[in-house]
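Listed below, chain by chain, are the residues.
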Amino acid sequence: MNENLKFIQGNEVCVEAALYTGLDFFAGYPITPSTEIMEHMAKRLPKIGGKFLQMEDEIASLCAIIGASLTGHKVMTATSGPGFSLMQEALGYAIVAEIPCVIVNVQRGGSSTGIPTHVGQGDVMQARWGTHGDHAIIVMTASNHQDVFAITVDAFNMAETYRTPVILLFDEVVGHMRERIFIPKKGEISLVERLRTSVKRGVDFHPYLPREDGRLPISDFGGVHRYNVTGLVHDMWGFPSDNPKIAYGLVRHLVDKIQNNTDKIARYKEYYLEDAKTILISYGSAARSALHVVENRRGRGEKLGLLELQTLWPFPHSLVQEKCADAKYVVVVEMNTGQILQSVKICVDRPERVFLANRIDGVFITPTDIRNILRLIEGKGV
Amino acid sequence: MERHRLVFSGSGGQGIITAAVILAEAAVLHENLIAVQTQSYGAEARGGATRSDVIISDSAIYFPKVNQPNVLICLSQEAYNKFSPIIRPGGLLITDTRYVKTYMKVDARQRELPMYQTVMEKIGKPIVFNICMLGALIGLTDFVKSESVKKVLKTRIPSDFLEINEKALDLGIKLGNAYK
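Residues numbered from 1 in each chain as written. Chains lettered and ligands numbered in written order. Predicted model: local features only at pLDDT ≥ 70, side-chain atom pairs only at ≥ 80, totals over all residues.

## Some points on the interface of chain B and chain A
In many reports, interface size means the accessible area that the parts give up when they come together.
Point 1. Contact residues are listed per partner, giving 19 residues for chain B and 19 residues for chain A.
Point 2. In terms of residues, the side of chain B that touches chain A owes the most to one element, helix H1 (residues 16-30) of chain B, which gives 6 residues.
Point 3. A class-by-class count of the residues in the side of chain B that touches chain A yields 11 nonpolar, 6 polar and 2 charged.
Point 4. Two strands pair when backbone bridges link them, and strand E9 (residues 178-182) of chain A and strand E2 (residues 34-40) of chain B are joined in this way by 2 bridges, in the antiparallel orientation. Pairing of A:Arg178 across the sheet is with B:Gln37, part of E2(B). (Contact = placed C-beta atoms within 7 Å. Helix = DSSP H or I, 4+ residues; strand = E, 2+ residues; numbered from the N terminus. Nonpolar A, V, L, I, M, F, W, Y, C, P; charged D, E, K, R; others polar. Pairing = 2+ DSSP bridges.)

Below, the structure is given as structure tokens:
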């Protein structure tokens, strides 16, 4: 038996991947369907010298990992929609203060407290715009366990590279489903480590003065340099400022460091796109049903393809535009009222040829749901 | 290989999901097969209808749920009432005599096994009911070898309880063979 072969839940895969990157601090508050992430962290972290904290709520959870990250740790928290709503204020703080951290949102069905044990993908726009003010954000997702592992590692790497919170937007089906996974060996996937400043003790350190390549070295808080961290608009010393030039520069920096790297951040998978007349675009667990339909119809010679998005934000505009250039129809498959649909429509030449196959009742979208929409488009009726 | 689609159903707390996980894990870790296990349950810790879907195959599985199971196991009346109509024609329906009174005509082989009764008579502890059911399933079908399931039991079950679980599995296999 291969030691690296496991049969575990997606939530557990996420934990394994986080530990693979060297995560050593986790704070959280349990909530279905993300609880297993916390449970496995509680089991695993103390054994490897890491710290696990159960907090009083999700607000405190995100604040705790922000503090730990500043002192030099790799950190993560996990929650579901209701907890993610509570985290929005601290999320904005982490974006503006440029603190690397990973936030997992295992989406449940419905709004508000919704249907805890069922599936949904309704938090796509919340992940993008949930916290107030102009900002950019990285949001990633995956549809199977091997990808959950790779994308989670990617999320930590991007958090370090761009010094920003990264959101992993999984869902109940991927989180709770068990399937096989081969845990990669150490060194198989490259890791991005914290970029620490080379400025010596006693020398002026500018915590918010990016290098020429745009990266921002950090000095572990409480270490050799004293500096200020704030959610207020701040100058290169980290002190509050209302200078219009500085305010303009900060917003541009926060947005540009991510938007200008959209192509580098974009992760996706494509199936049979080269000659596809109809292209399905999907992400997360919904992409499994979409792939099921594509594989079946290809078997019958129909020219159907799938573009599976793994980076949702920044939205890979040029990628979608290029892949859909020759498609007659595009069908977005998602479990919400069309949150990615809008972004896809903006990318294509003929938005009236973009359709939605969705479910919003807490039930996992089936291949039949997608086939019914395809039949309608093809004029065959349901 | 023919794709096996199974639905385990019953009431929360009966160990339905655990049994489904053990079967799928045995297939993946010890028989080099591909399997996916999903579940649906209510928000309550005990009671409420529970369902777990398992697909076992030798090729990639994308859609992870089961619409029409080849094998349907119902361990509560509510589960039987709700799920028996979805069984695939020619499939296998397994129910427990203590918990389910069958009344519907289904286009499937029906096996009503005294699993709960056997467990209570021979072991006296209801907690291994689910493992006896798993044994009965293995006895009736040949999806996964009993040795593979026993290997998984050794890793998942605390040592103090391993013996009664193995006994329950053997009881189930015998029962399954008798009703084949």
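There is more to say, and it comes next.
## Things to note about the sheet that holds strand E6 (residues 108-113) of chain B
Point 1. One open sheet accounts for 8 strands, arranged E1(A)-E9(A)-E2(B)-E3(B)-E1(B)-E4(B)-E5(B)-E6(B); its pairing is mixed. The open sheet is flanked by strand E1 (5-9) of chain A together with E6 of chain B, the only strands paired with a single partner. With direction set aside, neighbouring strand axes in the sheet form an average angle of 20°.
Point 2. Inspection of the sheet shows strand E1 (residues 4-11) of chain B paired to strand E4 (residues 71-74) of chain B by 4 bridges, in the parallel sense. Among the inter-strand pairings, B:Leu6 is bridged to a residue of E4(B), identified as B:Val71.
Point 3. On top of the sheet, helix H1 (residues 10-20) of chain A reaches E1 and E9 of chain A; it is set at about 120° to E1(A), its chief contact.
Point 4. Here H1(B) sits on the sheet and contacts E1 and E9 of chain A together with E1, E2 and strand E3 (49-57) of chain B; the angle it forms with E3(B), its principal contact strand, is near 10°. (Axes fitted to C-alpha atoms, helices over the stretch in contact; angles between N-to-C directions.)

## Let's talk about the domain arrangement of chain A
Residue and element names in this part refer to chain A.
Point 1. The domains assigned to chain A are domain 1 (5-182) and domain 2 (269-377).
Point 2. Distance from the C-alpha centre of domain 1 to the C-alpha centre of domain 2: 26 Å.
Point 3. Every contact between the two is made by 27 residues of domain 1 and, on the other side, 19 residues of domain 2.
Point 4. Secondary structure elements with two or more residues in the side of domain 1 that touches domain 2: strand E6 (115-119), helix H6 (124-129), strand E7 (138-140), helix H7 (145-162), strand E8 (165-171) and helix H8 (172-176).
Point 5. Examining the composition of the side of domain 1 that touches domain 2, we find that 4 residues originate from one element, H6, more than from any other.
Point 6. The class makeup of the residues in the side of domain 1 that touches domain 2 is 16 nonpolar, 8 polar and 3 charged. (Domains from an automatic or database assignment.)

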